[in-house]
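Breakdown of the fold
Letter by letter, the chains look like this.
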Amino acid sequence: MSHVSFYRKWRPQTFADVIGQDRVTRTLANAITANRIVHAYLFSGHRGTGKTTTARILAKALNCERGPTATPCNVCAACRAIGGGVSLDVIEIDAASNRGIDEIRDLREKVKLVPVEGRYKVYIIDEAHMLTAEAANALLKTLEEPPPHAVFILVTTEPNRLPATITSRTQRFDFRRIPQAAIVDRLRTIAASEGITVDDEALQLIARSADGALRDAESVLDQLSAFCQGRVTKADVLSVLGLIEEEVAQQVTDAVVAGDAAACLEIANRVIAEGRDVRQILRSLVERGDPPEDPDSDRRGSRGPVRHPAQGRSGDGVVEAEPSGNGRLDRRAGGAARGPGASGVPRGRGKGRECRAPPGPPKA
Ligand SMILES: Nc1ncnc2c1ncn2[C@@H]1O[C@H](COP(=O)(O)OP(=O)(O)OP(=O)(O)O)[C@@H](O)[C@H]1O
Ligand SMILES: [Mg+2]
Ligand SMILES: [Zn+2]
C-alpha cells in the first residue's frame, strides 16, 4: 500500500482529538449541544494548527446521522463520507485556485438546493482571503441571506485580507500556534505508534522548528522516519532541516573574522565535496549580515525559525499570541517554513532575493 503521510493519517476525527485549540473546540461543541448553530464561521490563524481539520469535524457534527452532535460517531454513512471527502453535502472550495466570480456564482445557485443526504449543506472555503474582490462581493450576498440549510466555514491564514463586510457576518475563531510541549507529546505518540525511536532532544528540536504548526512537525517526523534506520537523533534532525548550513555559515564567519582565507577555502572545498547546497550557505551568510529587525514585528528575529543550538535563542520560539496575520507570506528562512512535500532545502527569505557571488578574495 502506498504511504499515507503522517499528517493525514493522524488528522483528528473528533473535537476532543484536536490539540491546543481548547477554546475553539469547546465553544463549537457547546454551541452544537445548545443548538446554537450559526450560518457562517471564520476559522483564522497560523498554518498547520487545525483549521481545516476542525472545519471537517464541524461538518460531521452537523450532519452525523446521530446528530447534530458535539461527538460525531465517525461510523455512520454521513460521517464516513465527510471523512473520506466524498460527501455531496460538504463542499470544499479552495479559494486559492477558484478565486473568481464564476465559482461563487455557481455556489450561489447551488446553495439554494436542499442537502442531498444530511441536514446541512456545508461550504468550507479554504484560503478565503484569496477570493477576488468581485467574488467576495458575490459571496457577501449569500452570507446576507443564506438558505436555512447552509453553513459556511471560511478558513484563512490571513483574516486581515478579508473585507470587513464578510468578517462581520461570521462568527470568528482564532487558532493559536500549538505550544512546543504539546507538539512534543503528539510526536512522541505518533513515533511510538509508528515504531520509530526518536531521541528526546530530536523531538524537542523538531517541535521548536515547527513554530507552532503541528503539521510541519509531523511532516518532518515523517521525512525522518524514511531517512533514518532505527533511531532518530538530533544530528538527523539537523541534517533533514538543513540546519547544518547555519553551522557552516558560522565557521565561515569565524574564518573571515580571523582573516583566515585558507580556512575559508578549506570549508568551501568540504561543503562542495559533501554535495551541500552552496547557495543556501551563502544565503545563511547574507542573513547574518542583515541588521536586526524589530523583535516585536516577528518574534523569530531575522535568522529564521531555528538557529543552531550553539547560537542560543531569544525566547522558546513558540508564540502563544494571536497570529500576526502574515500567515504563509511570513519571511522564513528555515526548514520549519516547509509544508509537506517540500524539498529538503530550506527556503530562502523574501521573494526574489538573490544570492550574489561573494566578493573576490581580499587583496593581501
Ligand atoms: N490542533 C491540532 N491537533 C491535532 N493535529 C493537528 C492540529 N493542527 C494540525 N494538526 C495536524 O496537521 C494536519 C493538518 O492540519 P490542518 O489541515 O487542519 O491545518 P490548517 O490549520 O488548515 O493549515 P493550513 O492553514 O496550512 O491549511 C492534520 O491532519 C493533523 O495531522
Ligand atoms: Mg487548511
Ligand atoms: Zn456519524
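Residue positions within a chain follow its written sequence, with the count starting from 1. Key to labels: chains lettered from A, ligands numbered from 1, both in the order written. Per-residue local features of the predicted model are confined to residues with pLDDT of at least 70, and side-chain atom pairs are confined, for both listing and counting, to 80 or more; whole-chain, interface and lining totals are unaffected and use all residues.

A separate point is the overall build of the protein. In DSSP terms, a helix is any run of H or I states spanning at least four residues, a strand is any run of E spanning at least two, and both are numbered starting from the N terminus. Counting its regular elements, the protein contains 14 helices and seven strands. Labels follow a simple rule on C-beta atoms placed from the backbone: if 20 or more others lie within 10 Å of a residue's own, it is buried; if 12 or fewer, it is exposed; otherwise it is partly exposed. A buried classification covers 40% of the 364 residues belonging to the protein. A residue pair is marked as a contact if its C-beta atoms, positioned from the backbone, fall within 7 Å. The contacts of the protein with a sequence gap of at least 6 include a subset with a gap of at least 24, amounting to 75%.

You can see V122 is positioned in strand β3 (residues 121-126). For V122, a count of 27 C-beta atoms within 10 Å puts it in the buried group. With 63 residues separating them in the primary sequence, V122 and A59 have C-alpha atoms 6.3 Å apart.

Here D174 lies in strand β5 (residues 171-175). Under the C-beta neighbour-count criterion, D174 is labelled partly exposed, with 17 such atoms within 10 Å. Between the alpha carbons of D174 and P159 there is a distance of 9.5 Å; along the sequence they are 15 residues apart.

For this analysis, nonpolar core means a set of buried Ala, Val, Leu, Ile, Met, Phe, Trp, Tyr and Cys residues linked through C-beta atoms within 7 Å. In this structure, V122, I124, I125 and I153 are the most contacted members of the largest nonpolar core, which totals 45 residues. Among the nonpolar cores identified, the runner-up in size contains 26 residues, and V198, L205, V237 and V240 belong to it.

Note the cis peptide between G67 and P68, where omega equals 0 degrees. Note on placement: P68 falls in the loop between α3 (51-63) and α4 (77-83). Within the chain, N35 stands out as a residue other than glycine whose phi angle is a positive 60 degrees. Relative to the helices and strands, N35 is located in the loop between α2 (22-33) and β1 (40-45).

The predictor attaches a confidence to each residue, called pLDDT, with possible values from 0 through 100. On average, residues of the protein carry a pLDDT of 79, and 77% of them reach 70 or more. Low confidence marks residues 292-364, where pLDDT is under 50. Its contacts with residues over four positions away, or in another chain, come to 107 contacts.

Here the focus is the pairing of β1. Burial of β1 is extensive: six of the six residues sit out of reach of the surface. The side-chain alternation of β1 yields two buried faces, one formed by A40, L42 and S44 and the other by Y41, F43 and G45. Being paired, for any two strands, means DSSP has found at least two bridges between them. Two elements, β1 and strand β4 (residues 150-156), share five bridges in a ladder whose sense is parallel. Paired with F43 across the bridge in β4 is V155. When β1 meets β5, the two strands line up parallel, connected through five bridges. Residue pairing in the sheet places L42 in a bridge with R172 of β5.

So, about α3. With 13 residues, α3 ought to run about 18 Å at 1.5 Å a step, and its terminal C-alpha atoms sit 19 Å apart, in line with that. Burial of α3 is extensive: 12 of the 13 residues sit out of reach of the surface. If you check which residues of α3 are buried, you get K51, T53, T54, A55, R56, I57, L58, A59, K60, A61, L62 and N63. The span one expects for a helix is its residue count, reduced by one, times 1.5 Å.

What follows deals with the site of ligand 1. Surveying the vicinity of ligand 1 reveals 21 residues, the closest of which are R11, G50, T52, T53 and R215. Elements represented by at least two residues in the shell around ligand 1 include exactly α1 (6-9), α3 and α10 (214-227). Each domain's extent was defined by an automatic or database domain assignment. Lining the shell around ligand 1 are residues from two domains, each supplying at least three of them: domain 1 (6-175) and domain 2 (180-241). Near, as applied to residues and a molecule or strand, means the residue's backbone-placed C-beta atom lies within 6 Å of it.

Packing of α10 against helix α11 (residues 234-241) leaves a shortest axis separation of 10 Å and a crossing angle of 110 degrees. With respect to each other, α10 and α11 are oriented roughly perpendicular. Like other packed secondary-structure pairs, α10 and α11 cross with a definite hand, here right-handed. Contacts between α10 and α11 involve V220, Q223, L224 and F227 on the former and, on the latter, D236, V237, V240 and L241. Fitted lines through C-alpha atoms serve as axes, helices being fitted only where they are in contact, and the angles separating the N-to-C directions of these axes extend from 0 to 180 degrees. These descriptions rest on fixed angle ranges, namely under 35 degrees for roughly parallel, over 145 for roughly antiparallel, 65 to 115 for roughly perpendicular, and the rest for oblique. In this scheme, a crossing is called left-handed if the near helix is turned counterclockwise away from the far one by less than a right angle; it is called right-handed if the turn is clockwise.

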